[in-house]
Amino acid sequence: MHREIPEDPDLHRQWNAVALQTERTQVFYTYEWALAVQAAYRGSLKPLLLLGYEGTNLVGVASLATDPAGKNLSFLAASTADYCDFLSAPHLSGEFVDAVFAELRKIDAPLMALANLPADSQTANAIRNAALKHGLHVYMRPAYLCAQVELGRGGRRKELKTELAGKKKLRRYLREMERGGPVTFAHLQTWQQIQAALPAFADAHVARFLATGRASSLATPERRLFLEELSRRFDGSGVVTLSLLKIDDLPVAWNYGFQFHGSWFWYQPTFDSRQEENSPGHCLLSRIVIEACDMEGMDVVDLGLGAEGYKERFGNSTRQTLYATVTRSWASHLREVAKYQVATALKRLPAVASAVRWVRSRVRLLRERPF
C-alpha cells in the first residue's frame with residue numbers, strides 16, 4: 001500500500017504490463033494517467049495505491065484515492081477517466097479484488113464510491129463476492145451508456161467510410177466553411193505541438209460552455225494542468241492526439257483525444273461557437289472516423305461518457321458503465337439505494353423534478369443570505 005504514486009521506471013513498466021492484460025485495456029488504466037491525476041489534483045485527492053504481487057512480479061493494481069479528510073474512497077481517476085477498473089489478468093480478478101478489500105477493511109472508510117466501472121468487466125462480480133465475504137454492503141446501478149463506432153472488418157470499414165464521406169450534410173458544412181478559406185485537418189501528437197495549441201483549445205471550451213449556461217472543467221487550473229501533464233508524459237508515444245479542424249489555418253474545432261491499443265477516443269471536444277451553424281465538431285468527428293477506417297489495428301472510435309444526441313447518431317454500439325457503492329453500514333447502504341430510486345423516479349416526472357430544483361435553489365439562497 002502506498003500513499004502516493006512513486007516515480008519509478010520499474011513500476012512504470014510493470015504497471016503498464018498489467019494494464020495490457022486486462023480484458024479491454026484503456027489509456028485511463030496507465031501509469032502515466034495516474035501520475036498526471038496525482039500531479040494536477042493534489043489539493044483535492046490523496047492517492048491510495050494498492051499493488052498485488054506474486055513473488056516479485058506485479059500482477060494487480062488498484063489505483064484509489066481518499067477525499068481530503070482521508071475517509072471516503074474512490075477511484076483515483078474517477079473525475080478524469082471514462083472507464084475505471086481494478087487491474088489484473090482476468091483469471092486473477094477475483095483473488096486480487098478480495099485481497100484489496102481485505103486491506104481496505106483496515107482503513108476507517110465509511111464509503112467507497114466506484115464510478116465508471118465497465119459493466120462487462122469481471123471486476124463487477126469480484127466486488128460483489130469480496131463485499132459479501134468481508135461483511136460489506138454493495139450496491140451497483142447503471143451509470144453511463146457510452147456510444148461507440150465499431151469500425152468492423154474489410155468491406156464493412158469501406159462501407160462506413162464511404163457512407164460518412166458521402167453524406168450531403170457533411171459536404172454542405174465543408175462547402176460553407178470553405179467560403180472563409182481552405183478547410184484542413186491536423187492531428188498534433190508531440191508535447192511541444194500540443195502545448196502551443198492548448199490555450200486556444202481551453203479558451204474555446206470555456207467560451208462554448210458559457211454560451212450554453214454551463215461551467216467548463218477547463219475553467220479550473222487543475223484540469224488544464226492535467227491535460228498538460230498527460231501530453232508531457234505520453235510525449236513520443238503517439239497516444240495523446242489533439243485533433244483540429246482549421247479554416248484558413250485558424251482552428252475552429254478541437255478534440256483532445258487518445259489513440260491507444262485499437263481505440264481512438266473522442267475525449268474532450270469543443271468548437272468555436274461562431275461557426276456553430278456549420279457544425280465543425282460534426283465535421284471533425286466524421287473525419288476522425290473516416291481516418292480510423294484506414295488505420296490498421298484501429299477497431300473503435302469511442303465517444304465516451306455523456307448522452308449527447310450526436311453520439312447516438314454516430315454510434316453503432318454501446319458500452320455500459322456502473323456506479324458501485326460499498327459501505328460498512330446497512331443504513332448507509334439503504335440511503336444509497338433510496339437516493340438512486342428517488343432520482344430515477346424524478347426523471348420520469350419532470351414537473352416534480354423542477355419543483356425539487358426550485359426548493360433547493362431557495363434553500364441555498366437562504367443559507368447564503370447575510371443576516
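Because the structure is predicted, anything quoted here is derived from the model rather than measured.

## Things to note about the nonpolar core
The biggest cluster of nonpolar side chains holds 79 residues, and the ones touching the most others in it are Trp 33, Tyr 256 and Phe 258. Phe 258 has contacts with Val 27, Phe 28, Trp 33, Leu 230, Val 239, Val 240, Thr 241, Ser 263, Trp 264, Phe 265 and Tyr 267, leaving out every residue within four places of it along the chain. Listed in part, the 28 residues of the second largest apolar core include Val 149, Leu 245, Val 252 and Phe 271.

## Focus on helix H9 (residues 280-293)
For H9, with 14 residues, the first-to-last C-alpha span of 20 Å sits near the 20 Å given by 1.5 Å per residue. Counted residue by residue, H9 has 12 buried out of 14 residues, so it is predominantly covered. Those residues of H9 that sit buried are Pro 280, Gly 281, His 282, Cys 283, Leu 284, Leu 285, Ser 286, Ile 288, Val 289, Ile 290, Ala 292 and Cys 293.

## Details of the packing of aromatic side chains
Applying the stated rule across the entire model yields 15 aromatic pairs. Between the aromatic rings of Phe 28 and Tyr 83, the centroid separation amounts to 6.2 Å while the plane-to-plane angle is 65°, which identifies the pairing as edge-to-face. In this pair, Phe 28 is assigned in the loop between helix H1 (9-19) and helix H2 (31-40) and Tyr 83 in the loop between strand S3 (73-75) and strand S4 (87-88), connecting sequence segments 55 residues apart. With relative accessibility at 5%, the residue Phe 28 sits in the buried group. For Tyr 83, a relative accessible area of 0% translates into the label buried.

## Remarks on the pairing of strand S2 (residues 57-66)
Buried residues dominate S2, accounting for 9 of its 10 residues. Bridge analysis of strand S1 (residues 46-54) against S2 gives 9 bridges, and the strand direction is antiparallel. Across the sheet, residue Leu 48 finds its bridge partner in S2, namely Leu 64. Between S1 and S2, which pair antiparallel one after the other, the connecting turn spans 2 residues, and Gly 55 there sits at a positive phi close to 65°. Note that S2 and S4 share 2 bridges and pair antiparallel. Bridged to Gly 60 within S4 is Ser 88. Of the strand pairs in this sheet, S2 and S3 are connected by 3 bridges, and their pairing is antiparallel. Bridge pairing in S3 places Thr 66 opposite Leu 73.

## Some words on H2
An α-helix turns once per 3.6 residues; consequently, residues spaced three or four apart project the same way. The element H2 is extensively covered by neighbouring structure, given that 9 of its 10 residues are classed as buried. Those residues of H2 that sit buried are Tyr 31, Glu 32, Trp 33, Ala 34, Leu 35, Ala 36, Val 37, Gln 38 and Ala 40.

Quick notes on the rules
Residues numbered from 1 in each chain as written. Predicted model: local features only at pLDDT ≥ 70, side-chain atom pairs only at ≥ 80, totals over all residues. Heavy atoms only, no water. Core = buried A, V, L, I, M, F, W, Y, C linked by side-chain atoms within 4.5 Å. Buried < 20%, exposed > 50% of the residue type's maximum accessible area, 1.4 Å probe, protein only. Contact = heavy atoms within 4.5 Å. Helix = DSSP H or I, 4+ residues; strand = E, 2+ residues; numbered from the N terminus. Expected span 1.5 Å × (residues − 1). Phe/Tyr/Trp six-rings, centres within 6.5 Å; stacked < 30°, edge-to-face > 60°. Pairing = 2+ DSSP bridges.

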